[in-house]
Amino acid sequence: MHLLPTTAFAASLALGMALSAAPASRAPLPERVDYLVIGGGATGMSFCDTLLHHAPSPLSVLMVDEHPHPGGQWHDSYDFVRLHQPSSMYGVESAKLEPEGCEGGEEHRATREEILQYYDEVCRGLEERYNFRFVGDTSFDMEQLEALDADPPGEEYRRYNLSGDCSILARKIVDGRYLQPDLPVHIAPKFQFNPGAIRCVPVNSLASDSHSTTKHYVVIGAGKTGMDAIVHLLQKGVDPEDIVWIVPNDAWITARENTGSCMEFLHDCTTALEKEPSEEKRRAIIQSSEFFQRGFLEWEKQGRTYRLDDSILPTKFKDATLSTSELAFIQRVNRVVRNGRVKSIGDDGTLQFEDGTAMPLPWSDTDAAKATLFVHCSAGAFNYSKHAKKPPPVFSRHRISIQDVYGTPGFCFVGSIIGKLESLGAKLTDSEKNALCLSPSLDASQAQKPLGPSGGDVGVISADHGYVQRLSNLKSWLDVPAIRDWLVGHRLFNLKQSQIGDVQAMVTETWATLGQYLIV
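The following refers to the structure shown. Because the structure is predicted, anything quoted here is derived from the model rather than measured.

**Regarding empty space enclosed by the protein**
Tallied over the entire structure, the rule returns one cavity of 30 Å³ or more. Computed from the structure, the largest cavity encloses a volume of approximately 40 Å³. Residue lining of the largest cavity: Ala 222, Met 227, Asn 249, Asp 250, Ala 251, Ile 253 and Leu 308, and that is the complete set. Residue composition of the lining of the largest cavity, grouped by class: five nonpolar, one polar and one charged.

Below, the structure is given as structure tokens:
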């Protein structure tokens, strides 16, 4: 596919936030559409872009979102956020996010404003070229989806109610919100505190200059958001000694200078396993977290992963990405507390932890609690707390549910591959498409934790592990000529720099090794 440059968005970037803030005018809705897409974020936009570009015949698509403009969660993210991965791996299939002619395009990382403007441009492009329309400031009650499977078999279109006393007939509804991340601005802290005595704010509030009485900061959370908060504070000139960083669990960090893919990582894990001379030892390794930890340690030697503290073996991996300079920057913070998750904050600022330990504030101010701002970065972005039920199939008669069939970066490729599969129409049945779209199920034990869910464990490899499911999906996609050819050079595919034959060989080798131990 020919990639469209984003020169228009670059030229009008200064107007980006003004455009995003303006309410969308609503013309009368069409009577019926082929697809009603709920959610105008990364997955929904990527699905529509690929579907419309590859469908063999014209389609009509209506996309609705609670925000006035496309961009999804980027409207709600903190002002200083930017992509952790290169812009060349984010967005939609048909349009580059990195500016045309940008030097070092692989290093360009778009800001929040750039991403919102990009999606405005993509949306306008789809509206100009296809029967596509975005309607903002519109909500949809997802409970309407519960009755879908009970529809009479002969009913091709179903009526759906939208906010504002509107309704529309649609042949299929696309749930583009399923992978919606949990953000601190929406997810309240799980720890207890007295708002009358303790100032605790979501990370978004750090962009404000209204905290004139603040001398000290306690950043709670060690994922991408927590790292961004630390970098932001240090860049503002906050003394590292005035920052306490609560790191409940150490996580492996992806190296920005030498980023690898999940498939390359899994292949390296199996290659290392095959080098172990003892069959007994190999079986012990693959039945424990050592299988993955060996891979992370090897990648650390290759400069592909980092850790905050060389003396601590991380137990999590959530694909947060840093450069060596950024890592050194946040390592300037010495007050790193690893007592687990915060249970409560006392009126004097004393932190009570889930493990029963307590830690007073380390500063000698007469009333340190009043001079301290506690920064909530502990929402756990990919816990999907809004979904308490078992997910439906990705493809069914009236519904498409965009799920984690290939993982990060940004789930953009996930929306694209599901859009491509849908564009094949009757060439594949829904059952055949679902066989190509294995995805993780909710972990009920995580959801029931008193302090909320916490995913990203390094864990033990199994048939249900996300990496194995991605491997299975990729193996199946390579067996479908229309998908295999489409993957070549796809700007969002994380192996796009490799020859497709090399990708096939890597997948085959990894699959064979896992098959020896009955993982697949």
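So much for the structure itself; the text now carries on.
**Some words on the packing of aromatic side chains**
Under the definition given, this model contains 20 aromatic pairs. Between Tyr 35 and Phe 47, the ring centres sit 6.4 Å apart and the planes meet at 65°, which makes this aromatic pair edge-to-face. Residue Tyr 35 is located in strand β1 (residues 32-38), and its partner Phe 47 is located in helix α3 (residues 42-54); the two are separated by 12 residues in the primary sequence. Using a relative accessible area of 3% as the deciding quantity, one classes Tyr 35 as buried. Relative to Tyr 160, the ring of Phe 140 lies with its centre 6.1 Å away and its plane at 55°, an arrangement referred to as tilted. Here Phe 140 is found in the loop between β3 (131-135) and β4 (158-162), whereas its partner Tyr 160 is found in strand β4, with 20 residues between them in sequence. Each residue in the set Trp 252, Phe 265, Phe 291, Phe 292, Phe 296, Trp 299, Phe 317 and Tyr 467 is aromatic and connected to the rest through ring pairs, giving one cluster. Between Arg 32 and the ring centre of Tyr 157, over which it is positioned, the NZ or CZ distance is 4.5 Å.

**Focus: the sheet that holds strand β14 (residues 351-353)**
If you trace the three strands from one edge of the open sheet to the other, you get β13-β14-β15, paired in antiparallel fashion. At either margin of the open sheet sits one strand with a lone partner, and together these are β13 (342-345) and β15 (358-359). Summarising the sheet, β14 and β15 pair through two bridges and their orientation is antiparallel. Directly across from Gln 352, in β15, lies its bridge partner Ala 358.

**So, the environment of Ser 88**
When you line up the elements, Ser 88 lands in the loop between β2 (60-64) and α4 (112-129). The class for Ser 88 is buried, based on a relative accessible area of 4%. The spatial distance from the C-alpha of Ser 88 to the C-alpha of Glu 107 is 8.5 Å, given a sequence separation of 19 residues.

**Re the nonpolar core**
If you look at the biggest cluster of nonpolar residues, it comprises 114 residues, and the most contacted ones within it are Tyr 119, Trp 245, Phe 291, Phe 292, Ile 418, Leu 474 and Trp 477. Ignoring any residue separated from it by four or fewer positions in sequence, one finds Leu 474 in contact with Met 263, Tyr 406, Leu 487, Phe 493, Leu 495, Val 503 and Val 507. One finds Ile 246, Val 342, Leu 351 and Phe 374 within the second-largest nonpolar core, a separate group that totals 18 residues.

**Observations concerning helix α7 (residues 279-286)**
Among the residues of α7, Arg 282, Ile 285 and Ile 286 are the ones counted as buried. The buried side chains of α7 occupy one side of the element, clustering within an arc of 90° when seen end-on. At its buried positions, α7 is contacted by α6 (262-275), α8 (290-301) and α15 (500-516). Where α7 begins, one side-chain oxygen reaches toward the backbone nitrogen of Glu 280, 3.4 Å away; that side chain belongs to Ser 278.

**A closer look at the packing of α6 against α15**
One way to put it is that α6 packs onto α15 with a least axis distance of 9 Å and a crossing angle of 50°. It follows that α6 is oblique to α15 by the angle criterion. Considering the relative orientation of α6 and α15, their crossing is left-handed. Residues Met 263, Glu 264, Leu 266, His 267, Thr 270, Leu 273 and Glu 274 of α6 touch α15, and the partners they reach there are Met 506, Glu 509, Thr 510, Thr 513, Leu 514 and Gln 516. Its residues assigned to classes, the contact of α6 with α15 comprises five nonpolar, five polar and three charged.

**Brief notes about the pattern of salt bridges**
A full pass over the atoms with the stated rule returns 22 salt bridges. With a closest N to O distance of 3.4 Å, Arg 335 and Glu 241 form a salt bridge. Of the two residues, Arg 335 is situated in the loop between α9 (324-330) and β12 (336-337) and Glu 241 in the loop between α5 (224-235) and β8 (243-246); the sequence distance between them amounts to 94 residues. Taking relative accessible area as the criterion, Arg 335 reaches 26% and is therefore assigned partly exposed. Between Lys 370 and Asp 367 there is a salt bridge, and its shortest N-O distance comes to 3.7 Å. For Lys 370, a relative accessible area of 59% gives the class exposed. Owing to a relative accessible area of 36%, Asp 367 belongs among the partly exposed residues under this scheme.

Calculation rules
- Note on numbering: residues in each chain are counted from 1, in written sequence order.
- Local features are withheld for residues below a pLDDT of 70 in this predicted model, meaning they are given only at 70 or higher, and side-chain atom pairs are given and counted only at 80 or more; totals for whole chains, interfaces and linings count all residues.
- The side-chain quantities take in all heavy atoms of the structure and omit both hydrogens and water.
- Points on a 1 Å grid, built from protein atoms alone, make a cavity when a 1.4 Å probe fits but cannot get out and make a pocket when they are open with protein on both sides within 12 Å along at least 5 of 7 lines; residues with an atom within 4 Å of a point are the lining residues.
- Grid points are joined across faces, edges and corners, and a volume is the space filled by probe spheres set on the points.
- All residues other than Ala, Val, Leu, Ile, Met, Phe, Trp, Tyr, Cys, Pro, Asp, Glu, Lys and Arg, Gly among them, are scored as polar; the first ten of these are nonpolar and the last four charged.
- Stacked, tilted and edge-to-face are the three classes assigned to paired rings of Phe, Tyr and Trp, where Trp is represented by its six-membered ring and a pair needs centres within 6.5 Å; plane angles under 30 degrees give stacked, over 60 edge-to-face, the rest tilted.
- Secondary structure elements are defined from DSSP: runs of H or I of at least 4 residues count as helices, runs of E of at least 2 residues count as strands, and each element is numbered from the N terminus.
- Type-normalised accessible area, obtained with a 1.4 Å probe on protein chains alone, sets the label of each residue: buried when under 20%, exposed when over 50%, and partly exposed for intermediate values.
- Definition used: whenever NZ (Lys) or CZ (Arg) falls within 6 Å of the ring centre and also within 35 degrees of the ring normal, the charge is taken to sit over that ring.
- For two strands to be treated as a pair, DSSP must find at least two bridges joining them.
- Take the buried Ala, Val, Leu, Ile, Met, Phe, Trp, Tyr and Cys residues and link them wherever side-chain atoms come within 4.5 Å; each set so joined is a nonpolar core.
- The contact criterion used is simple: two residues touch if any of their non-hydrogen atoms lie within 4.5 Å.
- Directions from the helix axis toward the C-beta atoms define the arc.
- In the analysis that follows, any N or O atom pair within 3.5 Å is treated as a polar contact, provided that within protein one partner can donate a hydrogen and the other can accept it, and provided that, for residues neighboring in sequence, both atoms belong to side chains.
- Axis definition: a line fit to C-alpha positions, over the contact stretch in the case of helices; interaxial angles, taken between N-to-C directions, run 0 to 180 degrees.
- Every angle not falling under 35 degrees, over 145, or within 65 to 115 is termed oblique; those three ranges are roughly parallel, roughly antiparallel and roughly perpendicular.
- Helix crossings are classified by the rotation of the near helix relative to the far one: an anticlockwise turn of less than a right angle makes the crossing left-handed, while a clockwise turn makes it right-handed.
- Any Lys or Arg side-chain nitrogen found within 4 Å of a carboxyl oxygen on Asp or Glu counts as a salt bridge.

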